[in-house]
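One-letter residues, chain by chain:
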Amino acid sequence: MEYNLLQKLKYASPLTAQEKHIVDFILNDPEVVFHSTAHELAQQTYTSASTIVRLCKKLGTKGYPDFQLKLALEYQQQPSSPLQTPDHTITEQGNVLAAIDSVPYLYHQALDETHRMLSAPVLVRIANWVKESARIDIYGSDMNYYLAQQACAKWNELGIAAVAHNGPNMHYLNTMNTSQFILSFVISHTGENSSMIEVAKVLNRKQRNVIAVTGNNHSTLSRHCDETLLTYGYNEQLRLSKMSSMISVLYLFDMLYMASISDNY
């Protein structure tokens, strides 16, 4: 079940003071949207119809009518618990009870969206490359490096050599054994991390198989890679975007890991 619009209502940022007031008003009583025009909702929130429409577009809809329709469809499938719980401000203040509900929701959303964007033929092709490889290299900086380490640890347990790299090691890249089939993954949520792009360029020049793990299929990184695995969650307007991206990356690597298990046992 998808709750894209509901998630954006709860976690959208940055918002103006008027937009935050409108969001809180809707979360407190979502059915008001179904019975109000943009002008009527503006009157009830002491704002303007143009502010309402601007907020709707900021949330990814085409305008107020589209916002009404999408919210109605999602709200219809909601469980009986109130839409405003957990409230985004409560969650951010560290309320544990709110986190009990919101964290599984975010995990579920990230998994669903990653699955939706997944290309099965691409995943099968990459899984075959994993089987054929003498070693797997995974490149990532900051948080992505720790995700790379987790993926490598799982493959190493199966006896598949895998190494995580925290940024480009130019000496290694320039002297790597050309007789071995080394498969490389490069993680960058934006696809515009300059150090990760440099890694992909060097590997591409050496005619290595390189996979971009990124949230942008049209990024510079993707253009220098053989295949792209799309991640979900990289959106600077969503406060918890990094959490969604992390879950998405782990899910992609775990699918390849599961394929490796079936081949090794």
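Predicted model only: the values in this text are computed from it and were never measured.

Visitor: Can you break down the overall build of the chain residue by residue, with the values?
Guide: Each helix and strand in the chain was counted, giving 14 helices and 5 strands. Buried residues in the chain amount to 48% of all 265 residues. As displayed, the chain offers around 13100 Å² of accessible surface, 53% of which is attributable to carbon and sulfur atoms.

Visitor: Can you explain the sheet that holds strand E3 (residues 182–187)? Please cite residues and give values.
Guide: Two modes of strand pairing occur in sheets, parallel and antiparallel, and in both the strands are linked by backbone hydrogen bonds. Taken in spatial order, the 5 strands of this open sheet run E2-E1-E3-E4-E5, and their pairing is parallel. Taken across any chain shown, the strands that pair with only one partner, and hence form the sheet edges, are strand E2 (162–165) and strand E5 (227–230). Each strand axis lies, on average, 20° off the axis of its neighbour in the sheet, ignoring direction. With 4 bridges connecting them, E3 and strand E4 (residues 210–214) associate as parallel partners. Each bridged residue has a counterpart across the sheet, and for Val186 the counterpart in E4 is Ala212. Contacts between helix H9 (residues 120–132) and the sheet are confined to strand E1 (135–139), E3, E4 and E5, with E5 contributing the most and set at about 115° to the helix.

Visitor: Give me unusual backbone geometry: which residues, what numbers.
Guide: One non-glycine residue with positive phi stands out, namely Tyr46, at about 60°. Inspection of the secondary structure assignment puts Tyr46 in the loop between helix H4 (38–45) and helix H5 (49–58). Positioned with a positive phi, Gln207 is a non-glycine residue whose angle comes to about 60°. Summarising the element assignment, Gln207 is placed in the loop between helix H12 (194–205) and E4. Residue Gln207 is classed as exposed on the basis of its relative accessible area of 73%.

Visitor: Describe the confidence of the model for the chain, and please don't skip the residues or the numbers.
Guide: Per-residue confidence for the chain gives a mean pLDDT of 84; residues scoring 70 or more make up 85%. Confidence drops under a pLDDT of 50 for residues 80–93, and excluding neighbours within four residues, the segment shows 25 contacts in the predicted structure.

Visitor: Please give an account of the environment of Ala164 that cites residues and values.
Guide: Take Ala164: it is sitting in strand E2. Residues Ala164 and Tyr146, spaced 18 residues apart in sequence, show a C-alpha to C-alpha distance of 8.3 Å. Dropping the residues within four chain positions of it, Ala164 is found in contact with Ile138, Tyr145, Ala148, Gln149 and Cys152.

Visitor: How would you summarise the nonpolar core if you had to cite specific residues and measurements?
Guide: Here is a general trend for soluble globular proteins: nonpolar side chains tend to be buried in one another's company. Ile138, Trp155, Phe185, Leu229 and Phe253 are the most contacted members of the largest nonpolar core, which has 32 residues in total. Elements represented by at least two residues in this core include exactly H9, E1, helix H10 (143–157), E2, E3, E4 and helix H14 (241–264). With 8 residues, the single largest contributor to this core is H14. Dropping the residues within four chain positions of it, Phe253 is found in contact with Ile138, Ala151, Trp155, Phe185, Ile187 and Val213. Formed by 24 residues, the second largest nonpolar core is a distinct cluster that contains Ile22, Ile26, Val33 and Leu71.

Visitor: Explain the packing of aromatic side chains residue by residue, including any values.
Guide: Two descriptors summarise a pair of aromatic rings, namely the distance from one centre to the other and the angle between the planes of the rings. For the structure on display, the rule yields 5 aromatic pairs. Aromatic pair Trp155 and Phe185: ring centres 6.1 Å apart, planes at 25°, arrangement stacked. One end of the pair, Trp155, is in helix H10; the other, Phe185, is in strand E3, and 30 residues separate them in sequence. Looking at Trp155, the relative accessible area reads 0%, which means it is buried. One aromatic cluster in this structure is built from Trp155, Phe185 and Phe253.

Visitor: If you had to explain the packing of helix H2 (residues 17–28) against H5 to someone new, which residues and values would you point to?
Guide: Packing of H2 against H5 brings their axes to within 10 Å, and their N-to-C directions diverge by 80°. Relative to H5, H2 is oriented roughly perpendicular. Of the residues in H5, those touching H2 at Gln18, Glu19, Ile22 and Val23 are Thr51, Ile52, Arg54, Leu55 and Lys58.

Visitor: How would you sum up the side chain of His165? Please name residues and give values.
Guide: Along the polypeptide, His165 turns up in strand E2. On the basis of relative accessible area, His165 is assigned to the buried category, the value being 12%. Within the structure, His165 has its side chain in polar contact with the side chain of Asp137 (distance 3.2 Å).

What counts and what doesn't
- Residues numbered from 1 in each chain as written.
- Predicted model: local features only at pLDDT ≥ 70, side-chain atom pairs only at ≥ 80, totals over all residues.
- Heavy atoms only, no water.
- Helix = DSSP H or I, 4+ residues; strand = E, 2+ residues; numbered from the N terminus.
- Buried < 20%, exposed > 50% of the residue type's maximum accessible area, 1.4 Å probe, protein only.
- Areas by Shrake-Rupley, 256 points an atom, 1.4 Å probe, with all protein chains shown as cover.
- Pairing = 2+ DSSP bridges.
- Axes fitted to C-alpha atoms, helices over the stretch in contact; angles between N-to-C directions.
- Contact = heavy atoms within 4.5 Å.
- pLDDT = per-residue confidence, 0-100.
- Core = buried A, V, L, I, M, F, W, Y, C linked by side-chain atoms within 4.5 Å.
- Phe/Tyr/Trp six-rings, centres within 6.5 Å; stacked < 30°, edge-to-face > 60°.
- Parallel < 35°, antiparallel > 145°, perpendicular 65-115°, else oblique.
- Polar contact = N/O pair within 3.5 Å; in protein donor to acceptor, adjacent residues only side chain to side chain.

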